[in-house]
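So you can see what is in the structure, the chains are spelled out below.
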Amino acid sequence: MRQTLVGVVVGTAMRKTAKVRVASQRMHPRVHKIVTCHKNFLAHDESEDCSLGDVVRIEACRPLSALKRFVVSEIIKPARTWQDPETGEVKR
């Protein structure tokens, strides 16, 4: 079974690549309080369907480049969009 992570897309500036921010919670050793840690992963998005704010599931794969080790397997929840009533354009 391959490693799967769930995160939020924070960048789509590169072609066929999405930067996904994955959050994990850990117990602080001295304060004994739960702390949220974040890590960014570059994931391959072949069809370029991801947009900023999407919640996606990424899956481990063979190394695709120097930094890409994951591929976007599915979009769990698309980002919220709204339509400007004056201009009619869709905004995020």
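What you see is a predicted model; the values in this text were computed from it and never measured.

This part covers the environment of Leu64. With respect to the helices and strands, the residue Leu64 is situated in the loop between β4 (55-60) and β5 (68-77). A C-alpha to C-alpha distance of 37 Å links Leu64 and Gln83, two positions 19 residues apart in sequence. Residue contacts for Leu64: discarding those within four places in its chain leaves His44 and Phe70.

The subject of this paragraph is the pairing of β5. The pairing of strand β3 (residues 34-44) with β5 spans 3 bridges and is parallel. Paired with Ala43 across the strands is Phe70, a residue of β5. Relative to β5, β4 is paired through 6 bridges, and the arrangement is antiparallel. Looking at β5, one finds that Val55 is bridged to Lys77.

Along any regular strand, the residues point their side chains to alternate faces of the sheet. Here β4 shows a buried face lined by Val56, Ile58 and Ala60 and an unburied face lined by Val55, Arg57 and Glu59. Sheet topology places strand β1 (residues 4-11) next to β4; 5 bridges connect them, and they run antiparallel. Across the sheet, Val8 pairs through a bridge with Val55, a residue of β4.

The rules behind these values
- Residues numbered from 1 in each chain as written.
- Predicted model: local features only at pLDDT ≥ 70, side-chain atom pairs only at ≥ 80, totals over all residues.
- Heavy atoms only, no water.
- Helix = DSSP H or I, 4+ residues; strand = E, 2+ residues; numbered from the N terminus.
- Contact = heavy atoms within 4.5 Å.
- Pairing = 2+ DSSP bridges.
- Buried < 20%, exposed > 50% of the residue type's maximum accessible area, 1.4 Å probe, protein only.

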